[in-house]
Amino acid sequence: QVQLVESGGGLVQAGGSMRLSCAASGRAFSSYAMGWYGQAPGKEREFVAGSGLCTDYAGSVKGRFTISRDNAKHTVYLQLNSLTPEDTAAYYCAAGNLFTRVATMSPSYWGQGTQVTVSS
């Protein structure tokens, strides 16, 4: 069992930056692929970034967002730069099978989400 708790969301102006954190409890954090997903109002939850055997990003965030993980601290981060109002969403952390492609994995565990709102 893995519990995931996100933090770091809030309100930021367009062009600004923000860092999200996801702290994991439970065993064997390093044996999971970790992903970040975004859900904008009225839309489905979508893959944003993932870190497993490889790192992958959604096309819309490539070059602006960076995922990193600290296995010793059982924490995964998402650095969001050059934010636009279109990045406004609830961002969820998730854990899944390390041996699947992160962009298409079906997570086994989800956090509760943290809201990011980008004002124009």
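Here goes a summary of the coordinates provided.

Rules used in this analysis
- Residues numbered from 1 in each chain as written.
- Predicted model: local features only at pLDDT ≥ 70, side-chain atom pairs only at ≥ 80, totals over all residues.
- Heavy atoms only, no water.
- Helix = DSSP H or I, 4+ residues; strand = E, 2+ residues; numbered from the N terminus.
- Buried < 20%, exposed > 50% of the residue type's maximum accessible area, 1.4 Å probe, protein only.
- Polar contact = N/O pair within 3.5 Å; in protein donor to acceptor, adjacent residues only side chain to side chain.
- Salt bridge = Lys/Arg side-chain N within 4 Å of Asp/Glu carboxyl O.
- Phe/Tyr/Trp six-rings, centres within 6.5 Å; stacked < 30°, edge-to-face > 60°.

## Focus on the environment of D70
Okay, so step 1: With respect to the helices, strands and loops of the structure, D70 is situated in strand β7 (residues 65–70).
Okay, so step 2: Here D70 falls in the partly exposed class, since its relative accessible area comes to 24%.
Okay, so step 3: Distance from D70 to Q39, taken between C-alpha atoms, is 25 Å for residues 31 residues apart in sequence.
Okay, so step 4: One polar contact links the side chain of D70 to the main-chain amide nitrogen of A72, over a distance of 3.1 Å.

## Observations regarding the pattern of salt bridges
Side chains that differ in charge, positive against negative, can pair when their charged atoms come close.
Okay, so step 1: On inspection of all chains with the given rule, the structure shows two salt bridges.
Okay, so step 2: The salt bridge involving D56 is made with R101; its shortest N-O contact spans 3.6 Å. Of the two residues, D56 is situated in strand β6 (residues 55–57) and R101 in the loop between β9 (89–97) and β10 (109–110); the sequence distance between them amounts to 45 residues.
Okay, so step 3: Residue D56 is classed as buried on the basis of its relative accessible area, which comes to 17%.
Okay, so step 4: Residue classification places R101 among the exposed positions, given a relative accessible area of 54%.

## Description of the packing of aromatic side chains
Okay, so step 1: Counted according to the given criterion, the structure contains four aromatic pairs.
Okay, so step 2: Ring centres of Y32 and Y109 lie 6.0 Å apart, and the angle between their planes is 80°; this geometry places the pair in the edge-to-face category. Of this pair, Y32 sits in strand β4 (residues 32–39) while Y109 sits in strand β10, placing them 77 residues apart in sequence.
Okay, so step 3: Given a relative accessible area of 19%, Y32 falls into the buried group.
Okay, so step 4: Since its relative accessible area comes to 18%, Y109 is described here as buried.
Okay, so step 5: Ring geometry for Y37 against F47: centres 5.8 Å apart, planes inclined by 75°, an arrangement best described as edge-to-face. With Y37 in strand β4 and F47 in strand β5 (residues 46–51), this pair connects stretches of sequence that are ten residues apart. A single burial state applies to Y37 and to F47, both of which are buried.

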